[in-house]
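Breakdown of the fold
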Amino acid sequence: MARRVAVVGAGMTRFVRRAQETGKELAWEASREALASCELPLDRIDAVCLTSAPDAFDGVHMKGEYLSDGAGAFGRPFIRTYVGGGSGVFTAIQAFYTVASGMADVVLAVAEEKMSSTQPHPQGAFLTIFDNILERPLGPNLLWIFALEMNRYMTVHGIDKRDIAAVAVKNKRNAADHPAALLGQADITIEDVLASETLAWPVQRLDVSPISDGAVAIVVASEEAAKQITSDPIWIQGVGWNLDTAYWTNRDLVFPEYVANAARMAYGMAGVTEPRKQIHVAEPYDPFDYKELHHLEGLLLFDKGKAPEAARDGVLDRKGDLPSCPSGGLLGVGNPIAAAGLMKIAELFWQLRGEAGARQVPGTPERGVAQAWGDLMQVGTVVVMGREGPPTTATQLETPPAATPATSLSDAEFRSATGAVEDEIGARYAWDAGVAIGRFLDGLRDGKIMGRECRNCERVLVPPRMFCERCFRGTDAWKQVEHTGVVQTFSICNVRWDMQPLDEPELPAVIAIDGSDGGFLHTLGEIEPDEIRIGMKVEAVWKPVSERTGSILDIAYFRPRQGDRASGSPPGRDAS
């Protein structure tokens, strides 16, 4: 039987942009503070679990090993995890099962992120997350997929952009009380958010969390060790994680099923049968304001499409019926990606101990949930934490969330600092397309869209694959499908990946291909941006035969089918 596990200490650096400290130094500061918070020397730590996001942020391969000494891992069992933005919560899960299994009694979990090293913009580290054969040739940037998902969510549920903007306002106001915050702003308004620059419609600048550097650490202990360390442990009651397919254009982006699956796993372990009644404080992952709402629904705390009403009505406020991100979240405190997830765990620890100071929720919360998400909208990681039983009377202290303050620098100061080095990695790649995609590309060269049929689940897979990921069996036959489809969601992107403005907006869309159970990412043409709408019927426009090379670009773009142009703006378009 698994042992009970508790969090007994936590530490956090300031979340800043252009921090002069190295990743090692940030990890060390957070780790030192976490150990000091529970008065433990490093020699009491049996193992270290660490996470950090893509190695591309630092340009250092095997970044876990690079950071390990700053995380206190010298001479100890050590493991690094990476599941995109879900990594911060997942490293707490790793620490949990390392202790629960009996492999260790006390574990230090550390999450560090230094985004500032990537030039000219950290988004460059994510240009390679897109499918290298079918998507990357289209020149996508990370904003595309968030805008596509946000548009789908808003349109299907008829959500007013004002209700989504209320989340950004709430979190930035909450962060004004957080001593580690980057963008706390007590006087921000919904009008400020709606008046901010449109990056990739419907995503505006103040809908997005800021680039940040920082680190967080927690100390996790077995029941026996926890009771020796502190009189007020906070118990990890349940954990859950889930992974959806990387074929993100093959699923409806309106609901994060992978989050719901992870939540069901964690709630089942924690004995939570009515999440809305049994969860008292929530720290969902909020890199964009709509994602907090999306994730609250995935956490089964609100019905589908109903979380925006809760934001509008104040339910999610710090003094509301279900406080959500009372810390200020990623939108207000900052978003050093892997560290942001572990911040959620640390914030629940402080909230449940009554030590969150000015950001403390009213009453005595006894159970909370933390969640993080990542990759191509496919990773769900969830942790349920609680006091277990009646709360004890505790001195109302504020655990300092900052170790020695990280150094905030302007871009010019960052580049001109003593010892600053700029480097450009000139790697080039050549890929095999594989059996299924190779045949698909041959079809495009011939003016055909080919899929693979799975007769077991009666689907036609586009893009094709030689196996069905649901049935885990080989697909049965090739099938030519139509070169027409329907716009499932779209965006109007005004900036490049490095945030430089475009002369003409890009019009990415997810096209559900007729005759298939899937579709793919492409661009729209022969249409004005204000004419596009979800549900619009489109057709492929092929390049001349002499110009086709067996590439996704053999389809130049998709255009509206005759008689299917929109009149007027789609719902919510005027909100931006």
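Residues numbered from 1 in each chain as written. Predicted model: local features only at pLDDT ≥ 70, side-chain atom pairs only at ≥ 80, totals over all residues. Heavy atoms only, no water.

1. Quick notes on the overall build of the chain
Scanning the chain from N- to C-terminus turns up 15 helices and 23 strands. In terms of overall size, the chain behaves like a compact globule, its C-alpha atoms giving a radius of gyration of 24 Å where 576 residues would be expected to give roughly 25 Å. With the C-alpha coordinates of the chain rotated into their principal frame, the extents come out at 75 × 55 × 50 Å. Scored against the burial criterion, the 576 residues of the chain give a buried share of 59%. For the chain, contacts bridging at least 24 residues in sequence account for 75% of all contacts bridging at least 6. Looking at the chain as shown, the accessible area adds up to about 22,300 Å², and 50% of this sits on carbon and sulfur atoms. Averaging the coordinates of the 57 positive side-chain charges in the chain and doing the same for the 77 negative ones gives two points 4 Å apart. (Helix = DSSP H or I, 4+ residues; strand = E, 2+ residues; numbered from the N terminus. Rg over C-alpha atoms; globule rule 2.2 N^0.38 Å. Buried < 20%, exposed > 50% of the residue type's maximum accessible area, 1.4 Å probe, protein only. Contact = heavy atoms within 4.5 Å. Areas by Shrake-Rupley, 256 points an atom, 1.4 Å probe, with all protein chains shown as cover. Lys, Arg positive; Asp, Glu negative; His and termini not counted. Charge placed at Lys NZ, Arg CZ, Asp CG, Glu CD.)

2. Re the sheet that holds strand β16 (residues 477–481)
Across a sheet, paired strands are connected by hydrogen bonds in the backbone, their directions being either parallel or antiparallel. The antiparallel open sheet is built from 3 strands, whose spatial order is β13-β12-β16. Here the strands that pair on one side only, and so sit at the sheet edges, are β13 (459–461) and β16. If you compare each strand with its neighbour and ignore which way they point, the axes differ by 45 degrees on average. In this structure, strand β12 (residues 449–454) lies alongside β13, joined through 3 bridges in antiparallel fashion. Paired with Glu453 across the bridge in β13 is Val460. (Pairing = 2+ DSSP bridges. Axes fitted to C-alpha atoms, helices over the stretch in contact; angles between N-to-C directions.)

3. Brief notes about the sheet that holds strand β19 (residues 501–506)
One open sheet accounts for 4 strands, arranged β6-β5-β18-β19; its pairing is antiparallel. Pairing within the sheet leaves two strands with one partner each, and these edge strands are β6 (203–204) and β19. Across 2 bridges, strand β5 (residues 198–201) lies against β6 in antiparallel orientation. Considered in β6, the bridge of Thr198 is made with Gln204. The strands touched by helix α4 (residues 142–157) are β5, β6, β18 (492–495) and β19; relative to β5, the strand with the most contacts, the crossing angle is about 60 degrees.

4. A look at the pattern of salt bridges
This structure, assessed with the given rule, holds 37 salt bridges. The partner of Lys344 in a salt bridge is Asp286, with the nearest N and O atoms 2.9 Å apart. With a gap of 58 residues between them, Lys344 in helix α13 (residues 337–352) and Asp286 in the loop between β9 (281–283) and α10 (289–298) connect regions that are remote in the sequence. Across the pair, Asp286 and Lys344 agree in class, each one buried. Look at the salt bridges and you will find they share partners, linking Arg4, Glu223, Lys227 and Glu388 into a network. (Salt bridge = Lys/Arg side-chain N within 4 Å of Asp/Glu carboxyl O.)

5. Things to note about the packing of aromatic side chains
In total, this model carries 10 aromatic pairs according to the counting rule given. With 5.7 Å between their ring centres and 55 degrees between their planes, Phe146 and Trp373 make a pair best called tilted. Placement of the pair is Phe146 in helix α4 and Trp373 in strand β10 (residues 367–374), with a sequence separation of 227 residues. Accessibility classification places Phe146 together with Trp373 in one group, the buried group. When the centroid spacing of 6.1 Å and the interplanar angle of 55 degrees are considered together, the rings of Phe520 and Phe558 count as tilted. With Phe520 in strand β21 (residues 519–523) and Phe558 in strand β23 (residues 555–560), the pair connects residues that are 38 residues apart, well separated along the chain. Its relative accessible area of 3% is what places Phe520 among the buried residues. (Phe/Tyr/Trp six-rings, centres within 6.5 Å; stacked < 30°, edge-to-face > 60°.)

6. A few points about the state of the cysteines
Under the counting rule described, the total for this entry stands at 0 disulfides. With no disulfide of its own, Cys49 lies closest to Cys38 among cysteine sulfurs, the gap being 16 Å. (Disulfide = S-S within 2.5 Å.)

7. Some thoughts on the environment of Val379
Position of Val379 relative to the elements: it lies in strand β11 (residues 379–386). Overall, Val379 belongs to the buried group, its relative accessible area being 4%. For Val379 and Ala147, which are 232 residues apart along the polypeptide, the C-alpha to C-alpha distance reads 18 Å. Sequence-distant contacts of Val379, defined by excluding residues within four places in its chain, comprise Val83, Gly86, Asn242, Leu243, Tyr258, Ala372, Trp373 and Gly374.

8. Looking at helix α1 (residues 23–37)
For α1, spanning 15 residues, the distance from its first C-alpha to its last is 21 Å, which sits close to the expected 21 Å at 1.5 Å a residue. Inspection of α1 places Gly23, Leu26, Ala27, Glu29, Ala30, Ser31, Glu33, Ala34 and Leu35 among the buried residues, and these make up the whole buried set. Contacts made by the buried residues of α1 are with β1 (5–12), α2 (63–67), β4 (106–114) and β7 (213–222). Immediately downstream of α1, the backbone of Glu39 shows phi near 55 degrees, a positive value. (Expected span 1.5 Å × (residues − 1).)

9. Remarks on a nonpolar patch on the surface
On the surface, a nonpolar cluster with roughly 280 Å² of combined accessible area is contributed by Tyr97, Trp241 and Met265. Locating Trp241 in the fold gives a position in strand β8 (residues 234–243). (Patch = residues over 30% accessible without salt bridge, like charges linked within 9 Å, V, L, I, M, F, W, Y side chains within 5 Å.)

10. A closer look at a negative patch on the surface
Side chains of Asp503, Glu504, Glu528 and Asp530 sit close together on the surface and give a patch of like negative charge. Locating Asp530 in the fold gives a position in the loop between β21 and β22 (537–542).

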